[in-house]
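Reading the structure
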Amino acid sequence: MRREHTGDLAELYALGALSEIERRAVEAHLSECADCAREVALAERDVALIASLETRHDAPPELAARIDGLFRANRPNRMIPAALAAVLILGLLPSVYLWPENRRMHDAMVAQNAAMDRLASGSHRTVGFRSEGAPLGAEVMYPPDGSWYVVVVRNATKALQVAWMHDGERTMLGNAVPRGNVAMLYLPKSHRMDRLALMDGDRVVAEAELPWQRTPPDRPTVRSE
Amino acid sequence: MDVHSHEEHGDEALAAAFAAHDPWAFGEAYRRNASLLYSVAHNVLSNPEDAKDCVADALARLWRSSRPYSAARGNLRNFLVVCVRNEAISRRRRHVRRTRVEERLAGMALDRDEHATNDPIERDVVRRAIFALPPEQRMPIALAYYSGKTHTEIAAELHEPLGTIKSRIKLGLRKLAASLQSLAERGSEPR
């Protein structure tokens, strides 16, 4: 796109009808090409006109202060050393006592967000865990190359361990810890595994067999339950 | 240059300062268009908190860009409206994708109307104008403007070639803007 002109993408850009990748490519090109920038400006004028005739809402006053704060960082501020000292005394020192718990919560939220992004962005299989042949309400999701896994247990009342069952052995992968009534374990970097188990201590609660045949292109997600 | 003297600058001076990446111009550009930019985000996202985050993120992204705006882009207000609107559409797409996944995990049905356009009476002006477009342009424009779909998704949904959809959106947008122009000039702007 940097070398190609935007052509008939100008209106699509202004309307927001391009994908993220296309939009960023157009923006990169517009910063270098005045002709295309003028073309897009015409489409932006039309879209801005339409948008300006839609429902108006009063901007919240606190938003102006927040936006001013974004650009105030560039200005010299003699109060910064004093403000830093206040942050240390009032904020940082007490937080030392809460650090381990905060860190666990933070890590869990980061892992859950990362798992959601993975599941939302690409094709993946979904396979249910089964307990003595019956579905358990637990699933494992994984991409065709087996590079990551998300294990989800619904209506979980306690943490369960997730194990990789292979060659007559079990390798413990981690704990699916409940948050609300759903427990989740995200394994961001992994390899192909054929069989997973949910464990409660030494007891196998349920198992999932993971098939690896190619996903049909018109059915990106397969449910085996 | 203090804050009060900035208010005396015209739109062209503000645009030049914005293009030069002058910090005061970013804050001033928001203040002059606060209601419009917030409304654009709110009308796409239907949520005040998301709308606030969206406007702030859009301006922060421009601030981080090395050369986000130039005089060739024309009117700064139009440029900002499209930037905020594109940011809002991106957030909405991400939200819809995540909601689908999260609700599937929770075993719940997805309410596909969760982002249905709000306040149908107020938005009737634009809706009527879209409805007045020729049928072949009406659906692509409506899908692009209200649903946040990409042109590829629109072509697939309407079973039309991509090139056809592109040209219909181009023609439809020009017609829509022309039909709304007179309305805007009659005093709907600024509100």
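Criteria and thresholds
- Residues numbered from 1 in each chain as written.
- Chains lettered and ligands numbered in written order.
- Predicted model: local features only at pLDDT ≥ 70, side-chain atom pairs only at ≥ 80, totals over all residues.
- Helix = DSSP H or I, 4+ residues; strand = E, 2+ residues; numbered from the N terminus.
- Buried ≥ 20, exposed ≤ 12 C-beta atoms within 10 Å, placed from the backbone.
- Contact = placed C-beta atoms within 7 Å.
- Nonpolar A, V, L, I, M, F, W, Y, C, P; charged D, E, K, R; others polar.
- Pairing = 2+ DSSP bridges.
- Axes fitted to C-alpha atoms, helices over the stretch in contact; angles between N-to-C directions.
- Parallel < 35°, antiparallel > 145°, perpendicular 65-115°, else oblique.
- Left-handed = near helix turned anticlockwise from the far one by under 90°.
- Core = buried A, V, L, I, M, F, W, Y, C linked by C-beta atoms within 7 Å.
- pLDDT = per-residue confidence, 0-100.

Moving on, we come to the overall build of chain B. When its secondary structure is counted, chain B shows ten helices and zero strands. Mapped from its N terminus to its C terminus, chain B presents α and β elements in the order α-α-α-α-α-α-α-α-α-α. Within chain B, buried positions represent 37% of all 191 residues. At a minimum sequence separation of 6, the contacts of chain B that also span at least 24 residues come to 57%.

Within chain A, the regular secondary structure consists of five helices and eight strands. Along chain A, from the amino end to the carboxyl end, the secondary structure elements read α-α-α-α-α-β-β-β-β-β-β-β-β. Every one of the 225 residues in chain A was classed for burial, and the buried ones make up 28%. A fraction of 55% describes how many contacts in chain A between residues 6 or more apart in sequence connect residues 24 or more apart.

With that settled, the discussion passes to the interface of chain A and chain B. With 49 residues of chain A at the interface, the matching set in chain B holds 69 residues. Secondary structure elements with two or more residues in the side of chain A that touches chain B: helix 1 (10–15), helix 2 (20–30), helix 3 (34–52), helix 4 (61–72), helix 5 (80–121) and strand 3 (149–154) of chain A. Examining the composition of the side of chain A that touches chain B, we find that 15 residues originate from one element, helix 3 of chain A, more than from any other. Grouping the constituent residues of the side of chain A that touches chain B by class yields 28 nonpolar, seven polar and 14 charged.

Once that is clear, we can look at the environment of Met141 of chain A. All names here are of chain A. Mapping Met141 onto the fold places it in strand 2 (residues 134–142). In this structure, the C-alpha to C-alpha distance between Met141 and Val152, residues eleven residues apart in sequence, is 8.3 Å. Contact partners of Met141, with chain neighbours within four places excluded, come to Leu119, His124, Arg125, Thr126 and Val150.

Here the focus is the pairing of strand 5 (residues 169–179) of chain A. Residue and element names in this part refer to chain A. With seven bridges connecting them, strand 4 (residues 160–166) and strand 5 associate as antiparallel partners. Bridging across to strand 5, Val162 finds its partner in Gly174. Between the antiparallel neighbours strand 4 and strand 5 lie two residues, among them Asp167 with a positive phi of about 50°. Sheet topology places strand 5 next to strand 6 (residues 182–187); three bridges connect them, and they run antiparallel. Counted as the bridge partner of Val177 is Met184 from strand 6.

Bringing the packing of helix 4 of chain A against helix 5 (residues 48–64) of chain B into the picture now. Remark: helix 4 of chain A packs on helix 5 of chain B, axes separated minimally by 10 Å, with the N-to-C direction vectors making an angle of 20°. Comparing their axes, helix 5 of chain B and helix 4 of chain A come out roughly parallel. Considering the relative orientation of helix 4 of chain A and helix 5 of chain B, their crossing is right-handed. Contact residues: helix 4 of chain A offers Leu63, Arg66, Ile67, Leu70 and Phe71 of chain A, while helix 5 of chain B offers Lys52, Val55, Ala56, Leu59, Ala60 and Trp63 of chain B. Here the residues of the contact of helix 4 of chain A with helix 5 of chain B sort into nine nonpolar, no polar and two charged.

Packing of helix 4 of chain A against helix 3 (residues 23–32) of chain B leaves a shortest axis separation of 9 Å and a crossing angle of 165°. Put simply, helix 4 of chain A runs roughly antiparallel to helix 3 of chain B. Relative to helix 3 of chain B, the crossing made by helix 4 of chain A is right-handed. The residues of helix 3 of chain B that touch helix 4 of chain A, namely those facing Ala64, Ile67, Asp68 and Phe71 of chain A, are Pro23, Phe26, Gly27, Tyr30 and Arg31 of chain B.

With a phi close to 50°, Asp167 of chain A is a non-glycine residue in the positive phi region. Looking at where Asp167 of chain A falls in the secondary structure, it is placed in the loop between strand 4 and strand 5. Given 6 C-beta atoms within a 10 Å radius, Asp167 of chain A is considered exposed. At Ser46 of chain B, a position not held by glycine, the phi torsion is positive, near 55°. Take Ser46 of chain B: it is sitting in the loop between helix 4 (34–45) and helix 5. According to the C-beta neighbour criterion, Ser46 of chain B is partly exposed, with 16 such atoms within 10 Å.

One finds Leu37, Ala41, Val55, Val81 and Val84 of chain B to be the most contacted residues of the largest nonpolar core, which totals 67 residues. Broken down by element, the residue count for this core peaks at ten residues, all from helix 3 of chain A. Among all residues touching Val84 of chain B, those that are not within four sequence positions of it are Leu37, Val40, Ala41, Cys54, Val55 and Ala58 of chain B. By size, the runner-up hydrophobic cluster in this structure holds 28 residues, among which are Ala115, Val140, Tyr142 and Met193 of chain A.

All names here are of chain A. Bridge analysis of strand 7 (residues 195–200) against strand 8 (residues 203–209) gives six bridges, and the strand direction is antiparallel. Bridge pairing in strand 8 places Arg195 opposite Glu209. Taking the residues between adjacent antiparallel strands as the criterion, strand 7 and strand 8 are bridged by two residues, where Gly201 takes a positive phi near 70°.

Looking now at the confidence of the model for chain A. Low pLDDT means the predicted coordinates in that region are not meant to be read closely. Predicted confidence across chain A gives a mean pLDDT of 77, with 72% of residues reaching 70 or more. Taken element by element, the predicted model of chain A shows its lowest mean pLDDT in helix 5 of chain A (62) and its highest in helix 1 of chain A (93).

Bringing the confidence of the model for chain B into the picture now. Residues and elements named next belong to chain B. For chain B, the average pLDDT comes to 81, and 79% of its residues sit at 70 or higher. Highest mean pLDDT in chain B belongs to helix 4 (94); lowest belongs to helix 1 (residues 3–6) (47). Counting contacts from residues 1–5, a segment whose pLDDT is below 50, to residues more than four positions away or on other chains yields two contacts. Here residues 108–122 is modelled with pLDDT under 50, and outside its nearest four sequence neighbours on either side it reaches eleven contacts, counting other chains as well. For this predicted complex, the interface confidence reaches an ipTM of 0.78, while the overall pTM sits at 0.58.

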